[in-house]
Amino acid sequence: EAPATLVCEGCEEAYPLLDGKLPVLLPSPQEFLARSWLLYERFVNQQREEIGKLSEHLATDLSRAPLINVFQIAAQRNLGLVRAMQETMRPHLDLESVARAAMEEIRDTTEGSYFTSLSYLRRDWAGSPEGEAEIAALRAPLFEVIAQHCDERGMVLVPGAGAGRLAWELAALFDRVVGVELSLSMAYQCHRVLRDELEFFELNTRNLRQATDATRRHTASVHAVDPAPAGDRERGALTYLVGDAQT
């Protein structure tokens with residue numbers, strides 16, 4: 001079965017639809033996906049090495065065995081998010097693109113660090129007091145400007161939409177919201193959260209004395225930030241895509 005694509009009516013170019021719904025609207029999307037897939041593969045391998053080193057270090061103190069087990073399980077769960085994203089990419093990969101990407105020097109400035117902390121996912125969708133306070137501080141001036149200067153509420157474009165929370169908030173004001181984000185990891189996780197709950201762990205490797213120091217479980221979901229039933233609030237349609245807002 002051929003992977004799902006979105007075909008441009010003007011140029012007839014076919015763009016990948018990850019998970020059948022998340023479009024990758026970039027020049028040479030197969031090259032982009034190949035580089036991204038290899039980047040995530042490298043990240044997973046590096047994280048597994050780090051987990052192994054930490055386990056060896058902590059294993060010198062048998063009293064910390066429960067802590068090691070908790071940390072390993074949580075870290076592997078987080079890496080499972082990366083693996084799940086890679087699986088959505090796999091049908092769209094071709095061997096030539098992957099081979100070319102493997103010969104390039106792939107530099108990562110944001111994706112790896114983002115998957116290490118999952119900070120934006122935690123802020124936007126976990127419903128934590130500190131995260132909601134930050135979102136409120138961003139939302140208030142934005143909504144004020146919209147109320148003062150924006151009479152038309154048909155469609156709005158959100159460049160650099162990140163993990164998608166502000167784009168989702170704007171759907172309460174506009175009939176249609178289009179979020180554009182170049183980070184594949186953030187775009188994919190927003191796509192997942194809008195569809196279902198997403199469990200992940202906040203990891204800490206410093207000053208570990210007990211299991212509760214090592215991990216903190218979070219659940220990212222729409223319900224965590226908006227407990228009202230869907231029928232109680234009308235929202236515009238939210239479309240999220242992988243793209244470069246500058247081009």
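Heads up: these notes are all about the structure in this document. Sequence order as written defines the numbering, with residues in each chain counted from 1. Where totals are concerned, whole chains, interfaces and linings use all residues; where local detail is concerned, this predicted model gives features only for residues with pLDDT of at least 70, and gives and counts side-chain atom pairs only at 80 or more. Excluding hydrogens and water, the side-chain figures rest on all heavy atoms present in the structure.

**A few points about the environment of Ser55**
Residue placement: Ser55 occurs in helix H1 (residues 29-58). Exposure is judged per residue with a 1.4 Å probe applied to protein chains only, and the accessible area is read against the type maximum: over 50% gives exposed, under 20% gives buried, and values in between give partly exposed. The exposure class assigned to Ser55 is buried, which follows from its relative accessible area of 13%. The spatial distance from the C-alpha of Ser55 to the C-alpha of Leu67 is 9.5 Å, given a sequence separation of 12 residues. Helix and strand labels come from DSSP, where a helix needs a run of H or I of at least four residues and a strand needs a run of E of at least two; each type is numbered from the N terminus.

**Focus on the sheet that holds strand S4 (residues 155-159)**
Any two strands with at least two DSSP-identified bridges between them are counted as paired. The parallel open sheet is built from 3 strands, whose spatial order is S4-S5-S8. Both outer strands of the open sheet, S4 and strand S8 (237-242), are each paired with one neighbouring strand and no more. With strand direction ignored, the average angle separating the axes of adjacent strands in the sheet is 15°. As paired strands, S4 and strand S5 (residues 176-181) are joined by 5 bridges and run parallel to one another. Along S5, the bridge assignment pairs Val158 with Gly179. Interaxial angles span 0 to 180 degrees and are taken between N-to-C directions of axes, which are lines fitted to C-alpha atoms, for helices over the stretch in contact.

**Overview of the nonpolar core**
Side-chain atoms within 4.5 Å are what join buried Ala, Val, Leu, Ile, Met, Phe, Trp, Tyr and Cys residues into a set we call a nonpolar core. Core analysis: the largest hydrophobic core is formed by 38 residues, its most contacted members being Met89, Val177, Leu184 and Val242. Mapped onto this core, the elements with two or more residues apiece are H1, helix H2 (65-89), S4, helix H7 (165-170), helix H8 (184-195) and S8. A per-element tally of this core places H1 first, with 10 residues. Residues contacting Val177, with those up to four places away along its chain left out, are Val156, Val158, Ala167, Leu170, Ala171, Ala237, Leu238 and Thr239. Core analysis: the next-biggest nonpolar cluster, separate from the first, contains 11 residues, Leu81, Leu118, Ala163 and Trp168 among them. Any two residues whose heavy atoms approach within 4.5 Å are treated as being in contact.

**Notes on the packing of aromatic side chains**
Within 6.5 Å between ring centres, the rings of Phe, Tyr and Trp (the latter by its six-membered ring) count as paired, and their orientation is classed by plane angle as stacked under 30 degrees, edge-to-face over 60, tilted in between. Taken as a whole and assessed by the stated rule, the structure comprises 1 aromatic pair. Summarising the aromatic geometry, the rings of Trp125 and Trp168 are spaced 5.7 Å apart at their centres and angled 70° between planes, so their arrangement reads as edge-to-face. Here the residue Trp125 occupies a position in helix H5 (residues 119-125), and Trp168 occupies one in helix H7, the gap between them amounting to 43 residues. With respect to burial, Trp125 and Trp168 carry one shared label: buried. Any Lys NZ or Arg CZ found within 6 Å of a ring centre and within 35 degrees of that ring's normal is scored as a charge over the ring. Between the NZ or CZ atom of Arg153 and the centre of the ring of Phe174, over which it lies, the distance is 5.9 Å.

**Considerations on the state of the cysteines**
By definition, disulfides here are pairs of cysteine sulfur atoms that lie within 2.5 Å. The tally for this structure, following the rule as stated, stands at 0 disulfides. Looking at Cys8, it has no disulfide partner, and the nearest cysteine sulfur is the one in Cys11, 3.5 Å off.

**Remarks on the side chain of Glu31**
Looking at where Glu31 falls in the secondary structure, it is placed in helix H1. Residue Glu31 is classed as buried on the basis of its relative accessible area of 17%. A distance of 2.2 Å separates polar atoms of two side chains, one belonging to Glu31 and the other to Arg100. Aside from chain neighbours lying at most four places away, what touches Glu31 is Ser97 and Arg100. Pairing of N or O atoms within 3.5 Å defines a polar contact, subject to two protein rules: one partner must be a possible hydrogen donor and the other a possible acceptor, and residues neighboring in sequence count only if both atoms are side-chain atoms.

**A few points about the pattern of salt bridges**
Salt-bridge detection follows one rule: a side-chain nitrogen of Lys or Arg within 4 Å of a carboxyl oxygen of Asp or Glu. One pass over the full model with this rule turns up 15 salt bridges. Where Arg165 meets Glu132, a salt bridge forms, and the shortest distance between an N and an O atom there is 2.8 Å. On the criterion of sequence distance, the pair formed by Arg165 in helix H7 and Glu132 in helix H6 (residues 129-149) is long-range, its members being 33 residues apart. By relative accessible area, which is 23% here, Glu132 ends up partly exposed. Here Arg217 makes a salt bridge to Glu199, at a shortest N to O gap of 2.5 Å. Linking Arg217 in strand S7 (residues 215-220) with Glu199 in strand S6 (residues 198-203), this pair joins segments that are 18 residues apart in sequence. Taking relative accessible area as the criterion, Arg217 reaches 52% and is therefore assigned exposed.

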